[in-house]
Amino acid sequence: MNFSVLILTVIFEILIIGGTTLVLTKRQKAKNQDFATASRSLPAIAIAATQALTCLGGGHIMGMPGAASSYGVAALWYQIASGIMIVLMMCVAGPWIRRLGFSNIPDMFSKMFDKRTGILVSAFCCASCFGVLTCELQGVGTVVSAITGSTIALGCVIGGVIGLLYVIFGGMEQIGWVNVVNAIFMYIGVIIAVLFLNGVIDGGWQTVNEYYISNGEEWKLELFSNGETWRVYIIGTLVAGMFNQMVAGQSGQISASAKNVKTLRRAALYAVPMNTIFGALMIALYMGTSVQSQYTSLAGSPGYQNMAMIVGELPVWLAAWVMAAFAAAMLSTVAVQLLTLATIFVQTIYCNYWKTEATPKEQTRYIRTVIFIVFILGTAMGAILPEVSTAMTWLFAWLLPGCWMFIFGIWWKRSKTAAFWSLIICGIFNCFWTFTSLPYVFHLEGNNNSIGMLFVSIVVYVVITAFDKNAEGPFKKLFIKDRNACVADDLVK
């Protein structure tokens, strides 16, 4: 057990979160800042850090080593997809989300289509957010377990508490500025670790190349890998990674928090490298671990083995730095999922159907209450469920119907019937794809449910819309003609 690393890791995070929050809390009191969207005031650097780190977490820290162990450098396709996804989020979907002014995605779909579609989108967003929350908490639990040898459940509790502190005081503005500090802290630490590892490995990085070549796995050193890897991993990862987050709950709420559309687009220039370079560093760390049999022989996932190597080989100060960086990446995602889930529940459901006259102060209080409840539930689920860190792309695929509904609704036609049934049919299809032998029928076993969801979501929406006599014109056209009919209530002039 290495409790000195754990203590330093926790201290690093508490200092960053506590110091940033203290400054922001004083400023928020003077400005009366909105909790859910920071009063749409975040600058490009805070938006960039938040989008980049929210899309960077357990899928990178736990999933990338796993992908690298099976597919080598081809795991970088997950990062390539992630970079394209951020461009689509912040330069295609994001500007419309910011123009329309809704603080969450379901409310936007309620306006674009109808309330029943908004409620269904709420269910999809919340289920995906809660699944991601659970995976991220398990990732933090694995960090603690790798450091101390304790159970992952204990780590989930520690991570859950720190994740709660990340968001509970200042909402989106707190998340944004803590992410800016954490991004700087995170990158410096991981880059130093990768450079330091060259001296740890006997023979340096050349040994890694020789190891794979001597084992007949030189294809793992190539980005384009081989045909089998494309079939079972790369194509499905690209589809899920590129399109899932365009209108995901968390990405929509972050886009809604930007100062303006120009700020959002400028932020993409920072967010893409901020997100994608980290994945390359994670692959490098694992491939350095893979040539050290004392770690690859450990029971546990490649992600756990990677962390065990970091704790075992790096000096205490650097190991703590890297582990705090890993925790920061996952906790940033935890914080945004907590805020998104709470915002959707309070604003889309509770205040729309029960507490219709709630003041902004009351809404903030309700959101904080729901954050605390979701924190307890998410921590409990993360602690008791078996390891599900491989579930990220499966969770992402659930959001694909919303992506195409948004694209077709903005630029082609809006069909309330097509929107409603797209979500129902795609949800049923994804369950069949997951729990039956259907993928094997199409020779798409592996990480490929997103391919099926892509095809079904497009076909169902297009076919139903084409036959719907009540389908309306594109939302873009309505926005140009009558802005007030499209935007959130507080933006109506």
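It should be emphasised that the depicted structure is a prediction, and the values quoted were computed from it without experimental measurement.

A. Fine view of the overall build of the protein chain. Within the protein chain, the secondary structure is distributed over 23 helices and 0 strands. Relative to the globule expectation of 23 Å for 493 residues, the C-alpha radius of gyration of the protein chain, 22 Å, shows essentially globular dimensions. Over its C-alpha atoms, taken along the principal directions, the protein chain stretches across nearly 65 × 55 × 40 Å. The 493 residues of the protein chain split such that 61% are buried. Long-range contacts, defined as pairs at least 24 residues apart, comprise 83% of the intrachain contacts of the protein chain with a sequence gap of at least 6. Within the structure as shown, the protein chain displays about 18,800 Å² of accessible surface, and the carbon and sulfur contribution to it stands at 68%.

B. Structural view of the layout of surface pockets. Taken as a whole, the largest pocket holds about 870 Å³ of empty space. Around the largest pocket, the lining comprises 30 residues; the ones closest to its centre are Ser 103, Asp 107, Gln 347, Gln 363 and Asp 489. Going through the elements one at a time, α6 (105-112), α7 (115-148), α16 (316-353) and α17 (360-384) are the ones with two or more residues in the lining of the largest pocket. Of the residues contributing to the lining of the largest pocket, the split by class is 10 nonpolar, 12 polar and 8 charged.

C. Spotlight on the nonpolar core. Ranked by internal contacts, the top residues of the largest apolar core, which has 171 residues, are Phe 326, Ile 371 and Phe 406. For Phe 326, the residues in contact, after removing those within four places along its chain, are Ile 61, Val 143, Val 190, Phe 278, Met 282, Leu 285, Met 307 and Ile 310.

D. Examining unusual backbone geometry more closely. At Ala 38, a position not held by glycine, the phi torsion is positive, near 55°. Tracing the chain through its elements places Ala 38 in the loop between α1 (3-31) and α2 (44-54). Look at Ala 38 and you get buried, because its relative accessible area is 0%. Phi is positive for Ser 39, which is not a glycine, with a value near 55°. Tracing the backbone through its elements, the reader meets Ser 39 in the loop between α1 and α2. Look at Ser 39 and you get partly exposed, because its relative accessible area is 34%.

E. Highlighting the packing of aromatic side chains. Taken as a whole, this structure holds 24 aromatic pairs when the rule is applied. Taken together, a centroid distance of 6.1 Å and an interplanar angle of 40° make the contact between Trp 404 and Phe 408 tilted. With a gap of 4 residues between them, Trp 404 and Phe 408 both fall in helix α19 (residues 400-411), about one helical turn apart. Measuring from centroid to centroid gives 5.8 Å for Phe 408 and Trp 412, while their planes differ by 70°, and the two rings are edge-to-face. Note on Phe 408: relative accessible area 17%, which makes it buried. Taken together, the aromatic side chains of Phe 109, Phe 113, Trp 404, Phe 408, Trp 412 and Tyr 461 make up a single cluster linked through ring pairs.

F. Structural view of the packing of helix α15 (residues 302-313) against α16. At a closest axis distance of 8 Å, the pairing of α15 and α16 adopts a crossing angle of 150°. Considering their axes alone, α15 and α16 lie roughly antiparallel with respect to each other. Contacts between α15 and α16 involve Met 307, Ile 310 and Val 311 from the first element and Ala 319, Val 322, Met 323 and Phe 326 from the second. Its residues assigned to classes, the contact of α15 with α16 comprises 7 nonpolar, no polar and no charged.

G. Up close: the pattern of salt bridges. In the structure shown here, the tally under the stated rule is 3 salt bridges. In this structure, Asp 114 and Arg 116 form a salt bridge, with 3.4 Å as the shortest nitrogen-oxygen distance. The partner of Arg 231 in a salt bridge is Glu 228, with the nearest N and O atoms 2.9 Å apart. Of this pair, Arg 231 and Glu 228 both sit in helix α11 (residues 227-243), separated by 3 residues, roughly a single helical turn. Residue Glu 228 is classed as partly exposed on the basis of its relative accessible area, which comes to 45%.

H. Structural detail: empty space enclosed by the protein. One pass over the full model with this rule turns up 3 cavities of 30 Å³ or more. Looking at the largest cavity, its volume works out to about 170 Å³. In terms of lining, the largest cavity is formed by 21 residues, of which the most central are Cys 55, Leu 56, His 60, Tyr 78 and Phe 396. Sorting the residues of the lining of the largest cavity by element identifies α3 (58-61), α5 (76-100), α7, α16 and α18 (392-397) as the ones contributing at least two each.

I. Layout of α16. For α16, spanning 38 residues, the distance from its first C-alpha to its last is 53 Å, which sits close to the expected 56 Å at 1.5 Å a residue. Of all the bends in α16, the greatest, near 30°, is centred on Val 346. Most of α16 sits inside the fold, with 31 of its 38 residues counted as buried.

Cut-off values and rules
- Residues numbered from 1 in each chain as written.
- Predicted model: local features only at pLDDT ≥ 70, side-chain atom pairs only at ≥ 80, totals over all residues.
- Heavy atoms only, no water.
- Helix = DSSP H or I, 4+ residues; strand = E, 2+ residues; numbered from the N terminus.
- Rg over C-alpha atoms; globule rule 2.2 N^0.38 Å.
- Buried < 20%, exposed > 50% of the residue type's maximum accessible area, 1.4 Å probe, protein only.
- Contact = heavy atoms within 4.5 Å.
- Areas by Shrake-Rupley, 256 points an atom, 1.4 Å probe, with all protein chains shown as cover.
- 1 Å grid on protein atoms, 1.4 Å probe; cavity = no way out; pocket = protein on both sides within 12 Å on 5 of 7 lines; lining within 4 Å.
- Points joined across faces, edges and corners; volume = space filled by probe spheres on them.
- Nonpolar A, V, L, I, M, F, W, Y, C, P; charged D, E, K, R; others polar.
- Core = buried A, V, L, I, M, F, W, Y, C linked by side-chain atoms within 4.5 Å.
- Phe/Tyr/Trp six-rings, centres within 6.5 Å; stacked < 30°, edge-to-face > 60°.
- Axes fitted to C-alpha atoms, helices over the stretch in contact; angles between N-to-C directions.
- Parallel < 35°, antiparallel > 145°, perpendicular 65-115°, else oblique.
- Salt bridge = Lys/Arg side-chain N within 4 Å of Asp/Glu carboxyl O.
- Expected span 1.5 Å × (residues − 1).
- Bend = angle between axes of the 7 residues up to and from the residue.

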